[in-house]
Amino acid sequence: MKFVYSPLYKADIGFHVFPTEKYDFILQRLRAEGLVDDGDMVAPQRPSDEQLRKIVTAEYLDDLLNYRMTERTYPSEMPVNKDIIDAQILCCGGSFLAAQIAFEHGMCYHIGGGFHHAFADHAEGFCYLNDVVFSAVMMLEHRVEKIAVIDCDLHQGNGTAKFFENEHRVFTFSIHQEHLYPVKQKSDLDIGLRGGAGDDEYLKELKGAVDHIFDKFNPQLVIYVAGADPYVFDQLGNLQLTVEGLKRRDELVLQRARDKAVPVATVLAGGYAENVEDTVEIHCNTARVMHGCS
Ligand SMILES: [Zn+2]
């Protein structure tokens, strides 16, 4: 299986709850296990400004390219600096590349991405540019007709939902904690869970949605947003899934895709465990499950 990765994703954002070092840790662990070697690694390319204009307004893009603090960049809750903005621009190229590779080979794991709170005209929730949106938009231009976004991050994929609200070729699904950031947009299918839901309730609800997506919508490509933050020891939420429960979540999505012969590009999104090693382990489990499916 191929892995899209760049050392530039580890951006200098100072002391922050978002651990950008997790990408390197994931790679190190997967390498140590022999799941990744040099031949499996693919480097992303930075999209052109013209390509980026497909997902953001000219005004907002101008702010980003000039690293300007404005009312559009400010809500990122990130520093407005070159390191992180360039990393997220590159990440758009990474998620697009992962989707292309998945479409050709079945599965691809992007060691990055999942910045699903970014909107066309402003940043939000640690996200400047929505790589999930970019990837889907670019794949639609590559004659892929039906794309499902399966967003299993703790938080609703509000930027993705808003961008595709009138695009029938992209089915947006989000399962998340209801009473939590962000202000919700309308996905094609939303499951908002109560705090403290835990493994069994989560997996039961997810199974119903996965049945619907694969049997009714019948996608040609899945973009899987495999956030690690539904975890019981996450600092930002309370869905209380165990490491094993999150692995079963991955199996539910990925094994169904394999059985239906639907390609999957996985992106990582959030993960704010008190111990970053837990976040890394949850993300590595997703890669292990994908490896078993490919
Ligand atoms: Zn999240």
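If you're wondering where the values come from, they're calculated on a predicted model, not measured in any experiment. (Residues numbered from 1 in each chain as written. Predicted model: local features only at pLDDT ≥ 70, side-chain atom pairs only at ≥ 80, totals over all residues. Heavy atoms only, no water.)

A. Seen up close, unusual backbone geometry. In this structure, the amide linkage connecting Tyr181 to the following residue, Pro182, adopts the cis form with an omega of 0°. Along the chain, Pro182 falls in the loop between strand 5 (170–177) and strand 6 (189–193). One non-glycine residue, Gln240, lies in the positive phi region at around 65°. Relative accessible area serves as the criterion here: at 35%, Gln240 is assigned to the partly exposed category. With a phi angle near 55°, Ala269 is a residue other than glycine that sits in the positive phi range. Position of Ala269 among the secondary structure elements: in the loop between strand 8 (264–267) and helix 9 (276–293). Residue Ala269 is classed as buried on the basis of its relative accessible area of 3%. (Helix = DSSP H or I, 4+ residues; strand = E, 2+ residues; numbered from the N terminus. Buried < 20%, exposed > 50% of the residue type's maximum accessible area, 1.4 Å probe, protein only.)

B. Representation of the pattern of salt bridges in the model. In this structure the tally under the stated criterion is 21 salt bridges. In this structure, the salt-bridge partner of Arg256 is Asp211, at a minimum N-O distance of 2.6 Å. Placement of Arg256 in helix 8 (residues 243–259) and of Asp211 in helix 7 (residues 198–217) is noted, with a sequence separation of 45 residues between them. Here Arg288 and Glu281 are joined by a salt bridge, their closest N and O atoms 3.0 Å apart. Salt bridges sharing common partners tie together Glu59, Asp62, Asp63, Arg68, Glu71 and Arg72. (Salt bridge = Lys/Arg side-chain N within 4 Å of Asp/Glu carboxyl O.)

C. Spotlight on the coordination of the zinc ion. Around the zinc ion, the protein contributes the donor atoms Asp153 (OD), His155 (ND1) and Asp229 (OD), which lie 1.9 to 2.2 Å from the metal centre. In the primary sequence, the donor residues of the zinc ion line up as D-x1-H-x73-D. (Donors = N, O, S within 2.8 Å, 3.2 Å for Na, K, Ca; no water.)

D. Region of the structure containing helix 8. Compared with the 24 Å implied by 1.5 Å per residue over 17 residues, the 24 Å span of helix 8 between its first and last C-alpha is a close match. Here helix 8 has its buried residues at Gly245, Leu246, Arg249, Asp250, Leu252, Val253, Leu254, Arg256 and Ala257. Projected onto a plane normal to the axis of helix 8, the buried residues spread over an arc of 160° and lie on a single side. The secondary structure elements touched by the buried residues of helix 8 are strand 3 (107–110), strand 4 (147–151), helix 7, strand 7 (221–225), strand 8 and helix 9. (Expected span 1.5 Å × (residues − 1). Arc of directions from axis to C-beta. Contact = heavy atoms within 4.5 Å.)

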